[in-house]
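Reading the structure
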Amino acid sequence: MLDTLVAGAREDAAQRRLDRPTADVERDLDRVASPLDALTFLAPGDRVRVIAEVKRASPSRGALADIADPAALAADYERGGASTISVLTEGRRFLGSLADLESVKARVGVPVLRKDFITEPYQVLEARASGADVVLLIVAALDQSSLVALHDLAGQLGMRVLVEAHSADEIARALDAGARIVGVNARDLTDFSLDRDLFGALADRIPDGVVRVAESAVSGPPDVAHYRSAGADVVLVGEALVTGADPATTVAAFIDAGTSPAAAARAADAIAAASAPRSAD
C-alpha cells in the first residue's frame, strides 16, 4: 500500500511540476510569510498537545467527511486548543490538495503541517510556497540519503519536520537524520493494520529533547490517556475529529484526557454530551 501511495504522489507531483515549474515555485517562496516554529508549539508541557487533522478520506476507511470548508474546520480545531493543524494534501486516496492547506494557513494562527507522501525536493518547496510550517517525512518511504537531504532542505526553508517511524530501526534513522520531532505511527503503512501499543513499546527509543508524537488509533479520550501515560508529548488525531459532531469540544476533551484517567472519563462525557441530539423547546 505504501508503495502505491508513494508512486501516485510522485505522478501527481510530476503533473503539478508541468503546470508550475520549480523555478516558479522558488519565486513564490518570497511571497509567503516566514514559517511559525512548530517546535515551540509542540514542546513538552503539563498537558498533551494535539495535532488536529483535516482529512476527508483514507485508504483503510474510504470517505470520512465532505469538509467543504477546511479552513472553518481548522478554526474549530484551533478554538479547541490544537497546537498544530495537519492537512492531508494527497488527492487520490485522501481527497486533499494544496489548496486545502493554503486556505487553512490563511485562517489559523498555529503551525500548519503538510501531510503527504513526500519523496522529492519539489514537494518540499511547494509545501513552503503554499504556506506550510511543517512537513511530514515517512522513514519507510525514503532511503537514508533522501531522508537526510529532504530533512535538511525543509530546515533551510525554515520549516520543521515530523519524521514518522514504525520500528526501532526507523526511529534510529530518524534521529540520525537530525529529527527533533519523531512520530510513531500505530498504523503499519504496508498493510494498514493498527497496533495501539506500538508507541509505548518504542517511546524510550526517542531521547529527551525530541518531541514524541503518537499517531493513529485515537478514537476517544481513553486512547489519548493511554498514549500520554506511555510518554507521548503530542497526539495526532484525524478520523475521530472529522467524524464527530463538535470538533472544538472534542479537541479540548482530548487535551484534558491526557492529564489523568478521571479526566479521560470526564472528556468522554463531554464528547458524548456534545454529540447528543438536542430536544426541541
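Use the structure listed above.
In this text the structure is predicted, and so the values were computed from the model without any measurement. (Residues numbered from 1 in each chain as written. Predicted model: local features only at pLDDT ≥ 70, side-chain atom pairs only at ≥ 80, totals over all residues. Heavy atoms only, no water.)

Turning next to the pairing of strand β6 (residues 134-138). Burial of β6 is extensive: five of the five residues sit out of reach of the surface. Here β6 shows two buried faces, one formed by Val-134, Leu-136 and Ile-138 and the other by Val-135 and Leu-137. Across two bridges, the pairing between strand β5 (residues 112-115) and β6 is parallel. The residue of β6 that forms the bridge with Arg-114 is Val-135. Each parallel crossover has a hand, and the one from β6 via helix α7 (residues 144-156) to strand β7 (residues 160-165) is right-handed. (Buried < 20%, exposed > 50% of the residue type's maximum accessible area, 1.4 Å probe, protein only. Helix = DSSP H or I, 4+ residues; strand = E, 2+ residues; numbered from the N terminus. Pairing = 2+ DSSP bridges. Right-handed = clockwise from strand over helix to strand, strands pointing away.)

Because each turn of an α-helix spans 3.6 residues, side chains separated by three or four positions end up pointing in the same direction. Taking 1.5 Å per residue as the helical rise, α7 with its 13 residues ought to reach 18 Å, and the 18 Å between its terminal C-alpha atoms agrees with that figure. For α7, the set of buried residues is Leu-147, Leu-150, His-151, Leu-153 and Ala-154. Along the axis of α7, the buried positions cluster into a sector of 160°, meaning they face one direction only. Along α7, the residues that are exposed and aim more than 90 degrees away from the buried face are Ser-145 and Gln-156. On its buried face, α7 is in contact with α6 (121-129), β6, β7 and α8 (168-176). (Expected span 1.5 Å × (residues − 1). Arc of directions from axis to C-beta. Contact = heavy atoms within 4.5 Å.)

The N-to-C vectors of helix α4 (residues 70-80) and helix α5 (residues 98-105) enclose an angle of 50°; their axes lie 8 Å apart at closest approach. Looking at the two axes, α4 sits oblique to α5. In this structure, the crossing between α4 and α5 has a hand that is right-handed. Only Asp-100, Ser-103 and Val-104 of α5 make contact with α4, whose side of the interface consists of Pro-70, Ala-71 and Ala-74. (Axes fitted to C-alpha atoms, helices over the stretch in contact; angles between N-to-C directions. Parallel < 35°, antiparallel > 145°, perpendicular 65-115°, else oblique. Left-handed = near helix turned anticlockwise from the far one by under 90°.)

On to the pattern of salt bridges. Inspection of every chain in the model, using the stated rule, returns 18 salt bridges. Salt-bridge contacts for Asp-12 lead to Arg-92; the nearest nitrogen and oxygen are separated by 3.0 Å. Highlighted residues: Asp-12 in helix α1 (residues 2-19) and Arg-92 in the loop between β4 (84-88) and α5, separated in sequence by 80 residues. The class of Asp-12 is partly exposed, set by a relative accessible area of 23%. Classification of Arg-92 as partly exposed rests on a relative accessible area of 43%. Taking the shortest distance from any N to any O, the salt bridge between Asp-28 and Arg-20 comes out at 3.0 Å. Taking relative accessible area as the criterion, Asp-28 reaches 16% and is therefore assigned buried. Salt bridges linked by common partners bring Arg-16, Arg-114, Asp-116 and Glu-126 together as one network. (Salt bridge = Lys/Arg side-chain N within 4 Å of Asp/Glu carboxyl O.)

Note that Ser-216 resides in the loop between β9 (211-215) and α10 (221-229). Given the relative accessible area of 19%, Ser-216 is considered buried. Among the polar contacts made by the side chain of Ser-216, one reaches the side chain of Asn-185 at a distance of 2.7 Å. Residues in contact with Ser-216, not counting those within four places in the same chain, are Asn-185, Ala-186, Arg-187, Leu-194, Tyr-227 and Leu-236. (Polar contact = N/O pair within 3.5 Å; in protein donor to acceptor, adjacent residues only side chain to side chain.)

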